[in-house]
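# Reading the structure
Here is what each chain is made of, one letter per residue.
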Amino acid sequence: MLKFAIKKFNLFSARVGNEIVGVEFDDTSLSLVHAIGHAHKTEVVGLFSQSIANLSDNDIQAMLRSSVDELKAKNPIVIDVIPSHLVITKNIEIPSCDPKEIREIINLQAGRHTPYSREEIIVDYIEIGTFRKSYTKILLVIVSRAVVKRHCEIIEKAGLKLEKVLFVPEGLAWYVFRILKLESEEAPASVLHIGEVFTDFMIISKNRPFFLRSIPIGAQQLAGERDKYLVKFAEEVKKSFEAYQAEDIERPPDRIIITGALEEINNPQELLNDMLPFPIRVVPYCNSMLISAEALNVARTSKRLSFLGAIASIVAAGELKVDLLPDEIKLRKALQERGNDLIKTGIFVLLAFVLVFSILISKIYFKGIYLKRINEKYQPLSLQVKELEKHLARISMIKYYLDSRGYALEVLAELYITVSQELELGDIRFDNEGKFSLRGTAESMSSVFSFVDNLEKSRYFKEVKTKYTAKRRDGTRDVTDFEIAVLLEK
């Protein structure tokens, strides 16, 4: 039943065959989770853990590369998970309900909640809820930029492609919420995730952690010196409850869920039952995960180490809100993706061009072949066609001559009809371009204008223009000399 829940809410259900490697490490140990996305499920197929105390970053890179090879992961998606003891969390109230305004306020005020400057930290948040209609409660998540940058450099120098940097408590909250089916529960629940050296105390509700406190006691202390540390552990848990109630974040939890590295810790709820008035439930995570026999054997062999944080984070990666990947790496990835898109677009354009060019070349080739066949077929007729063209040219010339014969006489006849008794033409000039120049004398200026109007109305003349008119005395009468330019209508 619990395994079915993993399948149902699997992030990678549609990404069949994808390999995911979750990497979790601090100054003492390195843990890897290798998972493969199948249809409707993600299966954990490999686990790895190793102490890295006193190792240099170069040694850690080499170990990370060799361990990924040992897990037989080929070109996996890598997700770095940051444990809670490397992160600072604060419960604060923001006077806004707009996500953009909340983000801006957090970016401006985040430095006030840490001893670091704003440039030295990476900030994200988990929204808890709204109250008073205009305020938003959030869990502020702050991590040192140097820590994340170191993780990113180690992973990338190991030759792996980093996809996200996730916050372990958010993945744990998803695990408890989904696997234990707390969707219908209104009251928050308290979760104790026991790791190797640290224990995560969380208050969760509706798939989100509301409150977080890291307790510096883990399976190594509780299993090694149980009597010494169990009392301290119970006191720290009690202090965590008191701190949660003092901040008045939400209603008190109604249960405690203990999970993580429980193999060597017998009855961890024994002392807590006496100190806390809540029902306690112990949940071994190995029994509620879809995990291969080989990976299960590694998990049970590593009795003081919990792989739950990394497993839950990579399985729920698509539903988690917090991403602590530095902005410069996000920008670099965005530019790389854009560059890849441009390359793909260029390849598609080139292929389309080659395809169109090939189609055109093929058409030209086949048209050329067709033309060659036509030329070969009609080659005997070409000499006859040339002879016919010569005869046609001669016929056209004769037809033109016949059509234009007598045209000059028609023009002169039209000019004779147009000239009135009041005009005397003294000079008529004509050239091959069809230009007429008429000079003469008229008894009055009106006669000249009337002559021009008659010429314009004739079908033989066009563009009739009066070049000049001049009055003079001829004996006892006044006459007008004129010159008219005319074009023949062809």
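Everything here concerns the structure above.
What counts and what doesn't
Residues numbered from 1 in each chain as written. Predicted model: local features only at pLDDT ≥ 70, side-chain atom pairs only at ≥ 80, totals over all residues. Heavy atoms only, no water. Buried < 20%, exposed > 50% of the residue type's maximum accessible area, 1.4 Å probe, protein only. Helix = DSSP H or I, 4+ residues; strand = E, 2+ residues; numbered from the N terminus. Pairing = 2+ DSSP bridges. Patch = residues over 30% accessible without salt bridge, like charges linked within 9 Å, V, L, I, M, F, W, Y side chains within 5 Å. Areas by Shrake-Rupley, 256 points an atom, 1.4 Å probe, with all protein chains shown as cover. Salt bridge = Lys/Arg side-chain N within 4 Å of Asp/Glu carboxyl O. Axes fitted to C-alpha atoms, helices over the stretch in contact; angles between N-to-C directions.

Moving on to the pairing of strand β10 (residues 199-205). Most of β10 sits out of view: seven of its seven residues are buried. Taking every second residue as pointing to the same face, both faces of β10 are buried, with T199, F201, I203 and S205 on one and D200, M202 and I204 on the other. Where strand β9 (residues 189-194) and β10 come together, six bridges link them in antiparallel fashion. In the sheet register, V191 faces β10, and the bridge partner there is M202. The turn joining β9 and β10, which pair antiparallel and follow one another in sequence, is formed by four residues. Where β10 and strand β11 (residues 208-215) come together, seven bridges link them in antiparallel fashion. By the bridge assignment, M202 is partnered in β11 with L212. Hairpin geometry of β10 and β11 is characterised by an intervening segment of two residues between the two adjacent antiparallel strands and by a positive phi of about 55° at K206.

The next point concerns a nonpolar patch on the surface. On the surface, L350, F353, V354, V356, F357, L360, I361 and I364 cluster together into a nonpolar patch covering about 790 Å² of accessible area. Tracing the sequence through the fold places L350 in helix α11 (residues 327-378).

Once that is clear, we can look at the sheet that holds strand β2 (residues 29-38). A sheet is described by the order of its strands in space; here five strands give the open sequence β3-β2-β1-β4-β8, paired in mixed fashion. Here the strands that pair on one side only, and so sit at the sheet edges, are β3 (41-51) and β8 (161-167). Taken over all neighbouring pairs, the strand axes of this sheet differ in orientation by 20° on average, direction set aside.

Spatial relationships are all this shows, so hold off on functional conclusions.
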